[in-house]
Amino acid sequence: MIVLSDSFRLYLKKNRKLRDCIGFMKICITCSPGGHLTESLQLLPILKKHDVFFYTVDDGHAKKTLRKFKKYFGPRLLRSPLHLFDYLKNIFLSFQILLKEKPGVIISFGAGEAVPISLLGKLLGSKLIYIECSAQVYNPSISGKILYPFADLFFVQWRYLVNKYGDKAIYG
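Residues numbered from 1 in each chain as written. Predicted model: local features only at pLDDT ≥ 70, side-chain atom pairs only at ≥ 80, totals over all residues. Heavy atoms only, no water.

Notes on the pattern of salt bridges
Oppositely charged side chains are able to pair whenever their charged atoms sit close together.
Part 1: This model, assessed by the stated rule, comprises 5 salt bridges.
Part 2: K26 is the salt-bridge partner of E101, the closest N and O atoms lying 2.7 Å from each other. Separated by 75 residues along the polypeptide, E101 in helix 5 (residues 84-101) and K26 in strand 1 (residues 26-30) bring together distant segments of the chain. Across the pair, K26 and E101 agree in class, each one buried.
Part 3: Among the ionic pairs, E101 bridges to K70, the shortest N-O distance being 2.8 Å. Taken together, the residues E101 in helix 5 and K70 in strand 3 (residues 70-74) connect sequence positions 31 residues apart. (Salt bridge = Lys/Arg side-chain N within 4 Å of Asp/Glu carboxyl O. Helix = DSSP H or I, 4+ residues; strand = E, 2+ residues; numbered from the N terminus. Buried < 20%, exposed > 50% of the residue type's maximum accessible area, 1.4 Å probe, protein only.)

Topic: the packing of helix 5 against helix 6 (residues 114-123)
Part 1: Viewed as axis vectors pointing N to C, helix 5 and helix 6 meet at an angle of 45 degrees, and their least axial separation amounts to 9 Å. One element, helix 5, and the other, helix 6, form an angle in the oblique class. The element helix 5 and its partner helix 6 pack so that their crossing is right-handed. Facing helix 5, whose interface residues are N90, I91, S94, F95, I97 and L98, helix 6 presents P116, I117, L120 and G121.
Part 2: Its residues assigned to classes, the contact of helix 5 with helix 6 comprises 7 nonpolar, 3 polar and no charged. (Axes fitted to C-alpha atoms, helices over the stretch in contact; angles between N-to-C directions. Parallel < 35°, antiparallel > 145°, perpendicular 65-115°, else oblique. Left-handed = near helix turned anticlockwise from the far one by under 90°. Contact = heavy atoms within 4.5 Å. Nonpolar A, V, L, I, M, F, W, Y, C, P; charged D, E, K, R; others polar.)

Examining the packing of aromatic side chains
Centre distance and the angle of the planes are the two values used to describe a pair of aromatic rings.
Part 1: Tallied over the full model, the rule gives 6 aromatic pairs.
Part 2: Seen from their ring centres, F53 and Y72 are 5.7 Å apart, and the 85 degrees between their planes marks the pair as edge-to-face. One end of the pair, F53, is in strand 2 (residues 51-57); the other, Y72, is in strand 3, with 19 residues separating them in the sequence.
Part 3: F53 sits in the buried class, given a relative accessible area of 0%. (Phe/Tyr/Trp six-rings, centres within 6.5 Å; stacked < 30°, edge-to-face > 60°.)

Some words on unusual backbone geometry
Part 1: Of note in the backbone geometry, K102 takes a positive phi value of approximately 50 degrees without being a glycine.
Part 2: Here K102 is to be found in the loop between helix 5 and strand 4 (105-108).
Part 3: The class for K102 is exposed, based on a relative accessible area of 62%.

Here's the deal with the environment of E101
Part 1: The class of E101 is buried, set by a relative accessible area of 4%.
Part 2: With 75 residues separating them along the chain, E101 and K26 place their C-alpha atoms 7.7 Å apart.
Part 3: The residues contacting E101, other than those within four sequence positions of it, are K26, F53, K70 and Y72.
Part 4: In terms of polar contacts, E101 uses its side chain to reach the side chain of K26, at 2.7 Å. (Polar contact = N/O pair within 3.5 Å; in protein donor to acceptor, adjacent residues only side chain to side chain.)

A short note on helix 5
Part 1: Taking 1.5 Å of rise per residue, 18 residues should cover 26 Å, and helix 5 covers 26 Å from first to last C-alpha, within 8% of that figure.
Part 2: Inspection of helix 5 places N90, S94, I97, L98 and E101 among the buried residues, and these make up the whole buried set. Each buried residue of helix 5 lies within a common arc of 95 degrees when the element is viewed along its axis, so the set occupies one face. Counted as exposed and oriented over 90 degrees from the buried face of helix 5: L84, F85, F92 and K100. (Expected span 1.5 Å × (residues − 1). Arc of directions from axis to C-beta.)

Right, dumping it as C-alpha cells:
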C-alpha cells in the first residue's frame, strides 16, 4: 500500500486537473472494514490538509480503528435477496450523508457497502476515485466492475489488472 500512496502523490503532482479538483476540500473515504479499511488509512498522510470523513460498516474493528476520525456507519451488505432492506437502508443513509457533507471527492476502496455511496455521490457531482483492493491480483472485483465506468480515476495495485479493466486503469 505504500507504493499506492507514493503513486497517488506523484499522480497528484503531475495531473493539474486532479490537483485542482482535490485542492482543500471535503473528501469521503468509503470502504468495507478489515483490509479495505486498513488500505484506506494509508492515504491519510497525503490527505491531512483536507476535511476527511469515512463511511464504512458498523462493526467492532471499524469503530475501534476510526475512533479519532469523523465517520458514518452503515449496514453490512450480503449478496442475498433476503437482505434487500439493508441495501435500501444503505442507499437512504448514503443519500442523507452526501446531502449533509457534500464531499467534492469520494475515494472508494470497495467492497459492496461502498458502491451505493460512490454512485450516489457521482450523481450528485462528486469526483470519484476508485482504488482496487490489493487482494485483487488476477480478477477484477465486483465493486470495481460496477464503479469503473463512473470513476474519474481508477487505480489498480497489480499490473495484470490494467489489462482486465482497460485504458482508464492506472497501475500504482
